[in-house]
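# Understanding the architecture of this molecule
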Amino acid sequence: MSEYTMTIEQAIQVALQHQQAGQLSQAEHLCRQILQVQPFQVDAIHLLGVILAQSGNLKEATELFAKTLHLKPDHAEGHSNLGIALESQGRLEEAIACYERALILAPGQVNARHLLEKVTQVCHQRDKTIAIAHYQLGMILQAQGRLNEAMSCYWKAKMANKHHAETLVLGRLHSMKNWCETNQLTYQRIFPAQDFLIEKPKRIIGKFMPIDEGITQSNEQYVAEIPNARIFYRNNLILAADSAVLYDRLVHPLRDLVLVQESVCKAHIQDNLLIDYSEFKTLHAERGIMMSGFASGSFGHWIWEYLPKWQCYERFTEYQNDPIYVDADMPVTHYEALRMLVGNHRKIIHIPANTSIVFEKLVIAPTPTFMPTHIKPGIAHNRHLFPNLPPVLHYLQNQLGQAAQLTIEPSAKKGGRRRIYLSRRKRFTWRFLLNEQEIVNFLKDHYGFEEVFLEEMSFIEQMNTLNSADMVVAPRGSATCHLLFCKRHSKIVLLMNEFLENFPSFSTSLDLLGYQHWVVCGIAQNPQGMGKQANYVVPLERLKQAMVESLSL
């Protein structure tokens, strides 16, 4: 059949056959002849666009696809092919809109669905790369003290990351108390803030670095109710309405030492925070009591910083049916301790890793102490750290002690002479007592000590072990937080390097509980930039002196 005797429809079919056979020049020639006769023939316009796109002439192909859609807006294949042409030119957002429109017109169009998924992923990755670039530049500017420029970069990072814009928040930092007062939210004080004198331990043997002594003030104890509050796995920060970031240590001089540990906080300039929770899955809950946070999985911090919050919560009957939210993957002993405190009837819900939860109403009490897990060496900070309030310490002793049927007071019958050494050898990779075996052998041979590993025991076994001892020797570590379960007459000898740093606040807590304790300072072996985390050696002569002094009283 001659092209001069074909109908328009027949000519389009022949052109299509040429195109499918790869004979693009013949197909293009025939389409252009058709359009000379009928300039607005939609199928010919669209087919010519396909042919030119295959030939690499994307600009004209894009114009032809756009003309096709102008003449026939519901042309699903036209939308899909225009998307391909736009994508090839790097115009990803426009391509996404085309694929989405194609799927609306023809939901079964598998090709458009596949292309949409692919280009969306590419677009997201590109935006994320741009956002990271802005963010990293912000970090550099922040380090240089160019704070306004840094915050501008953080804002650009948020704008660039369009696909996660709502999970990248530039928030303003607020104290819990001020936020509640400003927004007329429930805020009930339990204990007022209290002044403490932080000073070096009374009985200390060996050389030690200078200690910054002085008056410090504890946290006020309260219970607050925050509506529409978002919390995050292993984070202390709370995201509230209007991008407000609530943090009950806002006024503390060392707040930055803790803020850097919050995984959702990517940068902070004064009271402006960049919060990124794009990697967090979001769940929703009606009501809940917050017992989660950065250090909730740490062996000792759970005892001193988290469990005492229950003294505030349990005072209010309106919370008796609210579930308790804790971080998942905590040590089993943490759950055992919590159960001993709250009873078996309370519902405890685990927050999965990389998960945030939005509560209609969140009930929160502050951490009663301030003992950051990360302390920068060389910073005078002892007077900025503080121990637990005496009522908090006695609360834990009484409540947990009763549950375990322990006797703490010195009037109790002493019983046998049990002496224990709390070992750190099995599960720790830093702050090693390098001559620990020598220390253990010395204590066993000369004083009848036994070596114990608290981490291998249930929580009630830990309590009973310490309560049964008349003397405890322990390297500095989280296990020493359990010393509050010792009988009041027990002698305590603590081993550490010369960088006492935040230890005086802990020592003050032991004094408030009425325990006699000695501190033996060893010699740091890798002190460069390590501070309290440095490995160390304790000379036996210093330990002997401590043993003689303690046993003579």
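Residues numbered from 1 in each chain as written. Predicted model: local features only at pLDDT ≥ 70, side-chain atom pairs only at ≥ 80, totals over all residues. Heavy atoms only, no water.

### Points about the overall build of the protein chain
Helices and strands together make up the secondary structure of the protein chain, namely 18 helices and 21 strands. Taking as baseline every contact in the protein chain between residues at least 6 positions apart, the subset at least 24 positions apart corresponds to 70%. Looking at the protein chain as shown, the accessible area adds up to about 24700 Å², and 50% of this sits on carbon and sulfur atoms. (Helix = DSSP H or I, 4+ residues; strand = E, 2+ residues; numbered from the N terminus. Contact = heavy atoms within 4.5 Å. Areas by Shrake-Rupley, 256 points an atom, 1.4 Å probe, with all protein chains shown as cover.)

### Describing the pattern of salt bridges
Two side chains of opposite charge can pair, provided their charged atoms sit close to one another. A full pass over the atoms with the stated rule returns 11 salt bridges. A salt bridge links lysine 177 to glutamate 220, with the shortest nitrogen-to-oxygen separation between them at 4.0 Å. With a gap of 43 residues between them, lysine 177 in helix H9 (residues 176-182) and glutamate 220 in the loop between strand E5 (214-217) and strand E6 (221-232) connect regions that are remote in the sequence. Take glutamate 220: its relative accessible area is 16%, and that puts it in the buried class. When the shortest N-O distance is used, the salt bridge between aspartate 322 and arginine 287 registers 2.9 Å. Placement of the pair is aspartate 322 in the loop between helix H12 (310-313) and strand E12 (324-327) and arginine 287 in strand E11 (residues 281-290), with a sequence separation of 35 residues. Given the relative accessible area of 24%, arginine 287 is considered partly exposed. Through salt bridges that share partners, Glu28, Arg32 and Glu60 make up one connected network. (Salt bridge = Lys/Arg side-chain N within 4 Å of Asp/Glu carboxyl O. Buried < 20%, exposed > 50% of the residue type's maximum accessible area, 1.4 Å probe, protein only.)

### Some thoughts on the packing of helix H15 (residues 436-447) against helix H18 (residues 540-551)
Where H15 meets H18, the closest approach of the two axes is 11 Å, and the angle between their N-to-C directions is 35 degrees. As H15 packs across H18, the resulting crossing turns out to be right-handed. Taking contact as the criterion, the partners of Glu438, Ile439, Phe442, Leu443 and Tyr447 in H15 are, on H18, Leu540, Leu543, Lys544, Met547 and Leu551. A class-by-class count of the residues in the contact of H15 with H18 yields 8 nonpolar, no polar and 2 charged. (Axes fitted to C-alpha atoms, helices over the stretch in contact; angles between N-to-C directions. Left-handed = near helix turned anticlockwise from the far one by under 90°. Nonpolar A, V, L, I, M, F, W, Y, C, P; charged D, E, K, R; others polar.)

### Regarding the packing of helix H13 (residues 332-342) against helix H14 (residues 390-404)
Two quantities define a packed helix pair, namely the angle between the helix axes and the distance between the axes. Contact pair H13 / H14: the axes reach a minimum separation of 9 Å and the direction vectors enclose 95 degrees. Taken together, H13 and H14 sit at an angle that is classed as roughly perpendicular. Judged by residue contacts, Ala337, Met340 and Leu341 of H13 engage Tyr395, Gln399, Leu400, Ala403 and Ala404 from H14. Grouping the constituent residues of the contact of H13 with H14 by class yields 7 nonpolar, 1 polar and no charged. (Parallel < 35°, antiparallel > 145°, perpendicular 65-115°, else oblique.)

### A few points about H15
Here H15 contains 12 residues, and its C-alpha end-to-end distance of 16 Å stays within 8% of the 16 Å for a straight helix at 1.5 Å per residue. Of the positions making up H15, those classed as buried are Glu436, Ile439, Val440, Phe442, Leu443 and Tyr447. The buried residues of H15 occupy an angular sector of 165 degrees when the element is viewed end-on, so they sit on one face. Those residues of H15 hidden inside the fold are in contact with strand E15 (419-422), strand E16 (450-452), strand E17 (471-475), strand E18 (491-496) and H18. With its phi angle positive at about 70 degrees, glycine 448 sits one or two positions after the end of H15. (Expected span 1.5 Å × (residues − 1). Arc of directions from axis to C-beta.)

### Brief notes about the pairing of strand E14 (residues 355-364)
For E14, the tally of buried residues reaches 8 of 10 residues, placing the bulk of the element in the interior. Sheet analysis places E6 next to E14, joined by 8 bridges and oriented antiparallel. Counted as the bridge partner of arginine 230 is valine 358 from E14. Alignment of E11 against E14, held across 8 bridges, turns out to be parallel. Paired with alanine 285 across the two strands is phenylalanine 359, which belongs to E14. (Pairing = 2+ DSSP bridges.)

### Some remarks on the environment of arginine 417
Secondary-structure assignment places arginine 417 in the loop between H14 and E15. Judged by relative accessible area, arginine 417 falls into the exposed class, the value being 60%. Each C-alpha atom, one on arginine 417 and one on methionine 471, is 8.1 Å from the other, the two residues being 54 residues apart in sequence.

### Some words on the sheet that holds strand E19 (residues 516-521)
Remark on secondary structure: sheet strands pair via backbone hydrogen bonds, oriented parallel or antiparallel. Pairing is parallel across the open sheet formed by 6 strands, whose spatial order is E4-E19-E18-E17-E15-E16. Unpaired on one side and paired on the other, strand E4 (204-205) and E16 mark the two borders of the sheet. Pairing of E17 with E18, which is carried by 5 bridges, proceeds in the parallel orientation. Within E18, the position partnered with alanine 474 by the bridge is leucine 494.

### Focus on the pairing of E15
Going residue by residue along E15, you find Arg419 and Tyr421 tucked away on one face and Ile420 and Leu422 tucked away on the opposite face as well. Pairing of E15 with E17 involves 3 bridges; the strand directions are parallel. When the bridges of E17 are listed, isoleucine 420 appears paired with valine 472. Note that E15 and E16 share 3 bridges and pair parallel. Looking at E16, one finds that isoleucine 420 is bridged to glutamate 450.

### Let's talk about the environment of alanine 295
Relative to the helices and strands, alanine 295 resides in the loop between E11 and helix H11 (301-306). Relative accessible area serves as the criterion here: at 4%, alanine 295 is assigned to the buried category. The spatial distance from the C-alpha of alanine 295 to the C-alpha of asparagine 236 is 8.8 Å, given a sequence separation of 59 residues.

### Thoughts on the packing of aromatic side chains
This model, assessed by the stated rule, comprises 9 aromatic pairs. Ring centres 5.6 Å apart and planes at 20 degrees place the aromatic pair tryptophan 302 and tyrosine 306 in the stacked group. Highlighted residues: tryptophan 302 and tyrosine 306, both in helix H11, separated by 4 residues, approximately one helical turn. Ring pairs connect the aromatic residues Phe232, Tyr277 and Phe280, which therefore count as one cluster. Directly above the ring of tryptophan 518 sits arginine 203, whose terminal nitrogen or CZ lies 5.0 Å from the centroid. In this structure, arginine 488 is placed above the aromatic ring of tyrosine 515, and the distance from its NZ or CZ to the ring centre is 5.7 Å. (Phe/Tyr/Trp six-rings, centres within 6.5 Å; stacked < 30°, edge-to-face > 60°. Lys NZ or Arg CZ within 6 Å of the ring centre and 35° of its normal.)

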